[in-house]
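Architecture at a glance
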Amino acid sequence: MNNTDTITSKQLIFIIIGAQIGIGIFSLPRLVSAEAHQDAWLAVLLGALVPLLILIIIERLGRRMPESSFVGMNHLLFGRWLGSAMVFLFVVYAVFFQSTVVRLFTEITIAFLLPRTPAPVVTLMVVLGAVYIINKGARVVARVNEVLFWIILPLLFIVMAPLVNADYTEILPVGEAGVKAVAQGVLSSTNAYAGMEVLLVFYFLVKSKGEIIKAGILGLGWTTLAYLIVTLVCLLVWGSETIQVINWPMLTLLKTIKFPVLERPELFLLAVWMGVGIRPTMNMGFAAAYSLSEVLHVERDKYFHRVVIFIAVLIYILALLPPNLIVAFKWAQYAGYTSLLAGLLYPLLMLVIAVIRGKEAPSG
Amino acid sequence: MRKIPRRGEETQPQGGHDTKGIPDIPLPQGYDDKMALLRPYVEKSHDLIARPFYLDSEMKLQACAFYFNAVVDDKKLNEHVFKPLMMHSGGWESGDFNNTDRVDLIVRTSISVGQLRKTDSFAVMVHSIFDGMLVLVFESIQEAVIIDIHGGQVRSIEEPPSEKAIRGPREGFIENLDINISMVRRHLRTPRLVIKKTIVGKRTRTPVAVLYIDDIVDHGLVEQINDRLNRIDIDGVFSAGSIIQMIEDKPYSPFPQIWTSERPDKTIAELLEGRIAIMVDGTPTAIFLPSLFIEFFQASEDYLERAFVGSFIRFMRYFAFFIAISLPALYIALISFTPELLPANLAVSLAQARKEVPFPALIETLIQEFIIQMVIESGLRLPGSVGQTAGVVAGIILGQAAISAKLASPAIIIIIAITTVCTFALPSGPLVQATRILRLPLILLTAIFGLFGFSLGWLLMLTHLCSLESLGVPYFAPFAPGRYADLKDSLFRIWLFKMNQRPLSIPTQQKQRQGRTGTEGGEGE
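Residues numbered from 1 in each chain as written. Chains lettered and ligands numbered in written order. Predicted model: local features only at pLDDT ≥ 70, side-chain atom pairs only at ≥ 80, totals over all residues. Heavy atoms only, no water.

A short note on empty space enclosed by the protein
All names here are of chain A. Under the definition given, this model contains five cavities of 30 Å³ or more. Taken as a whole, the largest cavity encloses approximately 220 Å³ of empty space. Considering the residues around the largest cavity, the lining is formed by 15 residues, among which Ile21, Ile152, Leu156, Ala226 and Arg279 are closest to the centre. Tallied by class, the residues present in the lining of the largest cavity amount to 14 nonpolar, no polar and one charged. (1 Å grid on protein atoms, 1.4 Å probe; cavity = no way out; pocket = protein on both sides within 12 Å on 5 of 7 lines; lining within 4 Å. Points joined across faces, edges and corners; volume = space filled by probe spheres on them. Nonpolar A, V, L, I, M, F, W, Y, C, P; charged D, E, K, R; others polar.)

With respect to helix H19 (residues 325–356) of chain A
Residue and element names in this part refer to chain A. Look at H19: 45 Å from first C-alpha to last across 32 residues, which is about the 46 Å you get at 1.5 Å a residue. The largest bend along H19 measures about 25° and falls at Leu345, with the proline Pro347 one to four residues further on. Of the residues that open H19, the one with a side-chain oxygen 3.1 Å from the backbone nitrogen of Ile326 is Asn324. (Helix = DSSP H or I, 4+ residues; strand = E, 2+ residues; numbered from the N terminus. Expected span 1.5 Å × (residues − 1). Bend = angle between axes of the 7 residues up to and from the residue. Polar contact = N/O pair within 3.5 Å; in protein donor to acceptor, adjacent residues only side chain to side chain.)

Concerning the pairing of strand S10 (residues 286–289) of chain B
All names here are of chain B. Burial of the side chains of S10 extends over both faces: Ala286 and Phe288 are buried on one face and Ile287 and Leu289 on the other. Note that strand S8 (residues 259–261) and S10 share three bridges and pair antiparallel. Note on S10: the bridge partner recorded for Thr260 is Ile287. Note that strand S9 (residues 276–280) and S10 share four bridges and pair antiparallel. Paired with Ala277 across the two strands is Phe288, which belongs to S10. Where S9 hands over to S10, the hairpin turn is made up of five residues, of which Gly282 adopts a positive phi near 95°. (Buried < 20%, exposed > 50% of the residue type's maximum accessible area, 1.4 Å probe, protein only. Pairing = 2+ DSSP bridges.)

Here's the deal with the packing of helix H6 (residues 80–112) of chain A against helix H18 (residues 300–320) of chain A
Residue and element names in this part refer to chain A. At a minimum axis separation of 8 Å, H6 and H18 run at an interaxial angle of 50°. Classified by the interaxial angle, the pair formed by H6 and H18 is oblique. Crossing hand, H6 versus H18: right-handed. For the pair H6 and H18, contact is made by Val91, Val95, Phe96, Gln98, Ser99, Val102 and Arg103 and by Ile311, Leu314, Ile315, Leu318, Ala319 and Leu320, respectively. Among the residues forming the contact of H6 with H18, the class breakdown is ten nonpolar, two polar and one charged. (Axes fitted to C-alpha atoms, helices over the stretch in contact; angles between N-to-C directions. Parallel < 35°, antiparallel > 145°, perpendicular 65-115°, else oblique. Left-handed = near helix turned anticlockwise from the far one by under 90°. Contact = heavy atoms within 4.5 Å.)

Regarding the interface of chain B and chain A
Each partner contributes to the interface: chain B provides 32 residues, whereas chain A provides 38 residues. Contact between chain B and chain A buries roughly 2,700 Å² in total, counting both sides, with carbon and sulfur atoms accounting for 73%. By the criterion of area lost to chain A, the three top residues of chain B are B:Leu341, B:Phe452 and B:Leu459, representing 24% of everything that side buries. Notably, a salt bridge pairs A:Arg143 with B:Glu469, separated by 3.8 Å at the nearest N-O pair. Those elements that provide at least two residues to the side of chain B that touches chain A are helix H14 (429–449) and helix H15 (451–467) of chain B. Here the side of chain B that touches chain A gets twelve residues from one element, more than from any other, and that element is H15(B). (Buried area = accessible area lost by both parts, 1.4 Å probe. Salt bridge = Lys/Arg side-chain N within 4 Å of Asp/Glu carboxyl O.)

A word on the layout of surface pockets
Roughly 1,800 Å³ of internal volume is contained in the largest pocket. If you trace the largest pocket, you find 49 residues lining it, with A:Ile151, A:Phe268, B:Phe319, B:Phe322 and B:Trp458 closest to the centre. Only helix H8 (138–152), helix H9 (154–159) and helix H16 (266–271) of chain A together with helix H9 (307–336), helix H10 (344–354), helix H13 (410–425) and H15 of chain B provide two or more residues apiece to the lining of the largest pocket. For the lining of the largest pocket, the leading source of residues is H9(B), giving eleven residues. Grouping the constituent residues of the lining of the largest pocket by class yields 46 nonpolar, two polar and one charged.

Points about the packing of aromatic side chains
Counting across every chain of the model gives 39 aromatic pairs over all chains. Seen in terms of ring centroids, A:Phe286 and A:Phe304 are 6.1 Å apart; in terms of plane orientation they differ by 65°. Their pairing is edge-to-face. In this pair, A:Phe286 sits in helix H17 (residues 273–295) while A:Phe304 sits in helix H18, placing the two residues 18 residues apart along the sequence. With respect to burial, A:Phe286 and A:Phe304 carry one shared label: buried. One aromatic cluster is present, built from ring pairs that chain together B:Phe255, B:Phe293, B:Phe297, B:Tyr318, B:Phe321, B:Tyr475, B:Phe476 and B:Phe479. (Phe/Tyr/Trp six-rings, centres within 6.5 Å; stacked < 30°, edge-to-face > 60°.)

Notes on the confidence of the model for chain B
Residues and elements named next belong to chain B. When pLDDT is averaged along chain B, the result is 84, and 91% of the positions lie at 70 or above. In the model of chain B, helix H3 (residues 99–110) stands out as the element of lowest mean pLDDT, 76, in contrast to S9, which has the highest, 94. Across residues 517–525, confidence stays below pLDDT 50; counting only partners more than four residues off in sequence or on other chains, it has 15 contacts. Scoring the predicted complex yields pTM 0.88 and, for the interface, ipTM 0.93. (pLDDT = per-residue confidence, 0-100.)

What to know about the nonpolar core
Within the largest apolar cluster, 223 residues are counted, with the highest numbers of intra-cluster contacts made by A:Phe26, A:Trp273 and B:Phe452. Residue contributions to this core peak at 16 residues, all from H6(A). B:Phe452 has contacts with A:Phe105, A:Thr109, A:Leu113, A:Leu114, A:Val122, A:Met125, A:Val126, A:Trp273 and A:Met274, leaving out every residue within four places of it along the chain. (Core = buried A, V, L, I, M, F, W, Y, C linked by side-chain atoms within 4.5 Å.)

Quick look at the pairing of strand S4 (residues 134–138) of chain B
Residues and elements named next belong to chain B. Of all five residues that make up S4, five are buried, and the element is covered over most of its length. Side chains Leu134, Leu136 and Phe138 project from S4 onto one buried face, and the interleaved Val135 and Val137 project onto a second face that is buried too. In the sheet, strand S2 (residues 61–68) pairs with S4 via four bridges, with the strands oriented antiparallel. The residue of S4 that forms the bridge with Phe66 is Val135. Taken together, the three bridges between S4 and strand S5 (residues 144–147) define a ladder with antiparallel strand orientation. Paired with Val135 across the two strands is Ile146, which belongs to S5.

A short note on the pattern of salt bridges
Under the defined criterion, the tally for this structure stands at 29 salt bridges over all chains. A:Arg300 serves as the salt-bridge partner of A:Glu294, at 3.3 Å between the closest nitrogen and oxygen. Measuring nitrogen to oxygen at the nearest pair gives 3.0 Å for the salt bridge that ties B:Glu270 to B:Arg275. Residues joined by salt bridges that share partners form a network here, namely B:Lys266, B:Glu270, B:Glu273, B:Arg275, B:Glu295 and B:Arg513.

Concerning the packing of helix H5 (residues 177–187) of chain B against helix H8 (residues 264–272) of chain B
Any two packed helices are characterised by the angle at which their axes cross and by the distance between the axes. All names here are of chain B. Two elements in contact, H5 and H8, have axes separated by 9 Å at closest approach and are oriented at 65°. By crossing handedness, the relation of H5 to H8 is classed as right-handed. Taking contact as the criterion, the partners of Met183, Val184 and His187 in H5 are, on H8, Pro264, Thr267, Ile268 and Leu271. Residues that form the contact of H5 with H8 fall into these classes: five nonpolar, two polar and no charged.

Describing the sheet that holds S10(B)
As a general point, the strands of a sheet are linked pairwise by backbone hydrogen bonds and lie either parallel or antiparallel. Residues and elements named next belong to chain B. Strand order in the open sheet formed by five strands is S6-S7-S9-S10-S8, with antiparallel pairing between adjacent strands. Both outer strands of the open sheet, strand S6 (193–200) and S8, are each paired with one neighbouring strand and no more. Direction aside, the axes of adjacent strands within the sheet are offset by 25° on average. With eight bridges joining them, S6 and strand S7 (residues 206–213) adopt antiparallel strand pairing. Within S7, the residue paired with Ile199 across the bridge is Pro207. Where H5 meets the sheet, its contacts fall on S6, S7 and S9, and the angle it forms with S6 comes to roughly 165°.

Right under this line is the structure:
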């Protein structure tokens, strides 16, 4: 392992937050309340259990094989060929998922900021930004995550400003939507919560493995808190019915606030716009490029950038494929479901095999 | 090859390590042989003085002194070398001394100068002459005596104009390395202060000193610095700037990665934080490694002010940095892409002011930006009062005329003025220069993509900052990687009695700086 590729467990917190919170937060209140109505916040809270489960599975898995990277684990568990195939599948998943993220980010950017700029150009800028960051390696990705977290943090407080118009009856009575509706809501939130699976790759890079579970829970905690605040504020201000007609409730929410002098706090969001949108792509993109370069035995010091550019081109092409916003939303939904496959079932399968073949896998 | 002498060895610049072009042969015994060897050098340099004389008034031993006119101190030369040698030396001819003993005896009895040494290598001798030493050769004694009586005119110690302090010491470095070192030594009296000298530059043969505190500094870093200094292979070192460019980590970056200062007090503070200082002869600047981004926001008087004042000023500087880079870009984004984000009244008045300006916001901004950069440049180069006049004429009159002629809106004049003021509010020169450049790409990105481009530009810049390293130490610490304990002396400037730990961002042997434990054994013994 290259020494420049290690990160601290503290940085893992920010990586997990960065991998999870992206532009999903803008549409989350609408998606969840479409199913769970006024109990959407409950669904968001429960939705956090899925990534928590993923975290625990991956941590258990990693603890069995702390010496091997993600690719190494696959080779140990599935054998050389099948293992490589599994990694390829994971890379395909990451590319597909991030292409939907980039596409939606482009759509929102065009809708709110650049109505006359062609989509391919905006997408290109997003992808290029991600390439620049990923190329710099794990440490820089971790540091950028850290800086962005602190820069974006004030947004969480700005979002709470509309609470002056809150009507708490909008979320009452609690639990009226019913178990099934809330469960549906949880399923809708999976897209927003996807991202914990980057830990599969980052586990190996963290220096102090003992701290990983703590870091994971902290990161997930922040994500949940952010989602909960946004969902609650939207519900309390508008109620679940009104949210349905707004594509990106959180953005619209920011437009409703008016501060003296500054006029619109939206300006702050737009100034950190790229930072908000690019975080999942740079983390997942890094995970994909890192794994792919290992499977293909690419010399990372010299040719890592070629793998990154290859991944970026794939993401770019896939992102431009959906012909319109409706299709893009559909793709994003599928991506959310595949995240369950890649994030939950895949590590679980690995863990089961690791337990069964326990004696063969080095215990570390 | 150059090398840095080990501790305990010679701490003077070693004369003879670079032997290229000069035959590295032992000195001959005979007086005439030596003179013959040296003749080509004397013939080519008319300022090289070869002064033959006899030891003792009875003409017992022939000798010759070689030195450069006005490089050695004439008074010392006459008083402490020639006079005792010619008048009073004696005793060495009696008894059965061999030649080595003889030269020792002459040196010990008759030369009343502190710094001297002997050599039997021709190359070392020649280099010593050209390094500005006085060299004595004697008949029938192989070894030559090298005496350091540097003299000549040096600038007096003044307050550095680029780092003025309202309160606090007014002392600044000058161009003489030895005097600079003495300024540090005088105020930092610990025996653990290590000073190593080496020579850089094949032809200028510039003495360079590396300073650090033995029991604080991380010795891995010292080794890296020695390595990098040894790897430098250039003809000439003209200033500390040449050294900086040869040893910095990422030359392809607009950001200054090595902090410099002209103040001895600042130098001492940096040494005490575990950094390594490099001083170059001929430059009134010390350079410090590893350097962090935040250091370019720290001024030495921050530490003399009250903590609240210091912290407030720090905040203002970060804000000024942000404004200096992004205000013109924000102006373009808000005027030409998203005017709805401005307060309605402001948007209207801006639009009215811009109504008769024939250029788009980007061109308007670029023109003004170009003008102000030229005003700054002309002001810098012209002598004092003329420079000020140029600034006033160009700034005020041109600005006013441009508005009257409807070539620029008053708003852009204000924007550029604020930007410029904020740029020069930053306490360090290199950062000011970086800021002047960084504004442009952001303006261009924003002109194409509006606020989206603005955020993209800042993201790329932050990523770049995160990727920089100085001597392998993350440059953007303590922000990323987060060393939050260090925020007390970066984002804020808290009370001195609370800064008990040295900065975590700089690797050191000894974390505790002051107070509390006392078990670690502080400074000195």
